[in-house]
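Spelled out from the first residue to the last, the chains are:
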Amino acid sequence: MKIESTPIADVVVVRTERRGDGRGAFSRFFCEEELADLLGGRRIVQINHSVTRAPGTVRGMHFQHAPHAETKFVRCLRGRAWDVALDLRAGSPTFLKWRAHELDAEQADMLVIPPGCAHGFQALEPDTELLYLHTAAYAPQAEDGVDAADPHLAIAWPLPLAHRSPRDIALRRVDRDFKGLVP
Ligand SMILES: Cc1cn([C@H]2C[C@H](O)[C@@H](COP(=O)(O)OP(=O)(O)O[C@H]3O[C@@H](C)C(=O)[C@@H](O)[C@H]3O)O2)c(=O)[nH]c1=O
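All of these numbers come straight from a predicted model, not from anything done at the bench.

Conventions we followed
- Residues numbered from 1 in each chain as written.
- Predicted model: local features only at pLDDT ≥ 70, side-chain atom pairs only at ≥ 80, totals over all residues.
- Heavy atoms only, no water.
- 1 Å grid on protein atoms, 1.4 Å probe; cavity = no way out; pocket = protein on both sides within 12 Å on 5 of 7 lines; lining within 4 Å.
- Points joined across faces, edges and corners; volume = space filled by probe spheres on them.
- Helix = DSSP H or I, 4+ residues; strand = E, 2+ residues; numbered from the N terminus.
- Nonpolar A, V, L, I, M, F, W, Y, C, P; charged D, E, K, R; others polar.
- Phe/Tyr/Trp six-rings, centres within 6.5 Å; stacked < 30°, edge-to-face > 60°.
- Lys NZ or Arg CZ within 6 Å of the ring centre and 35° of its normal.

J.: What exactly am I supposed to notice about the layout of surface pockets here?
T.: Gaps between atoms show up when a probe of the same size as a water molecule is rolled over them. The space that makes up the largest pocket amounts to roughly 450 Å³. As for the largest pocket, its lining consists of 26 residues, and the residues nearest its centre are H62, K72, Y132, E143 and R167. Secondary structure elements with two or more residues in the lining of the largest pocket: β5 (46–52), β6 (58–64), β11 (117–123), β12 (128–134) and α2 (166–169). Partitioning the lining of the largest pocket into residue classes produces 7 nonpolar, 12 polar and 7 charged. Considered as a void within the structure, the second largest pocket measures approximately 250 Å³ in volume. Looking at the lining of the second largest pocket, its residues break down into 8 nonpolar, 3 polar and 1 charged.

J.: Explain the packing of aromatic side chains to me, please; I cannot follow it from the model alone.
T.: Here a ring pair, both rings aromatic, is described through the centre-centre distance and the interplanar angle of the planes. By the definition in use, this model includes 4 aromatic pairs. Judged by centre distance (5.8 Å) and plane angle (85 degrees), the rings of F30 and F73 are edge-to-face. One end of the pair, F30, is in the loop between β4 (24–27) and α1 (36–39); the other, F73, is in strand β7 (residues 72–78), with 43 residues separating them in the sequence. Arranged with centres 5.6 Å apart and planes meeting at 65 degrees, the rings of W82 and W157 form a pair that is edge-to-face. Of this pair, W82 sits in strand β8 (residues 80–87) while W157 sits in the loop between β13 (143–145) and α2; the two residues are 75 residues apart in sequence, bridging distant segments of the chain. In textbook terms, an aromatic cluster arises when at least three aromatic residues are bridged by ring pairs, as seen for W82, W98 and W157. Over the ring of F29 we find R75, and its NZ or CZ is 3.9 Å from the ring centre.

J.: Would you mind going over empty space enclosed by the protein with me for this structure?
T.: With the rule as written, the count across this model stands at 1 cavity of 30 Å³ or more. Considering only enclosed or pocket space, the largest cavity measures out at about 70 Å³ in volume. The wall of the largest cavity is formed by H62, F63, Q64, A69, E70, K72, I113, P114, P115, G116 and C117. Broken down by element, the residue count for the lining of the largest cavity peaks at 3 residues, all from β6. Here the lining of the largest cavity is built from residues that sort into 6 nonpolar, 3 polar and 2 charged.

Here it is, written out as structure tokens:
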């Protein structure tokens, strides 16, 4: 597995070698040893899967507050997704900056979202399926997010935003009072 850094600290792309033969393909999905630096002593405790029917659909931007903050490893199993990490860490040099990476089912890439960053994506193809590996369990009381359409964030979604959940539409926008997340 090859770990590539991005301009946002701890947001990384993990590239995996896909070995094809007459039967199909084989690739490593997860490796605790190779990803130890990203895990920082934590373990994968939950794996979630989502199916998104329509291109343009946006889910996010989501995170969990401490002590349920988590690292997410996000991978596309079907279709294509424009996957986004947004830095909300107070004091970070890249505070409120975002980074996108296109995930598709043919590449074996994963985008890694560290604690203190929000995550969201836009489906680019019908029936896009994502798989998430989490270092913290789902904690509805700790769930939060920011508005993916917030003009202050200016996330350059490739398609017009569509089919957002009522919860996502109601998420806060980042204003002067937003000081960021502390661990
Ligand atoms: C995230 C989650 C949701 N749920 C439930 C709550 C709700 O009834 C239903 C759908 O949840 P949501 O509307 O929050 O699903 P969704 O908007 O797809 O939420 C996801 O968005 C992306 C961007 C992420 O990063 C994920 O971690 C997750 O937050 O599933 C669980 O039972 N366990 C979970 O871990």
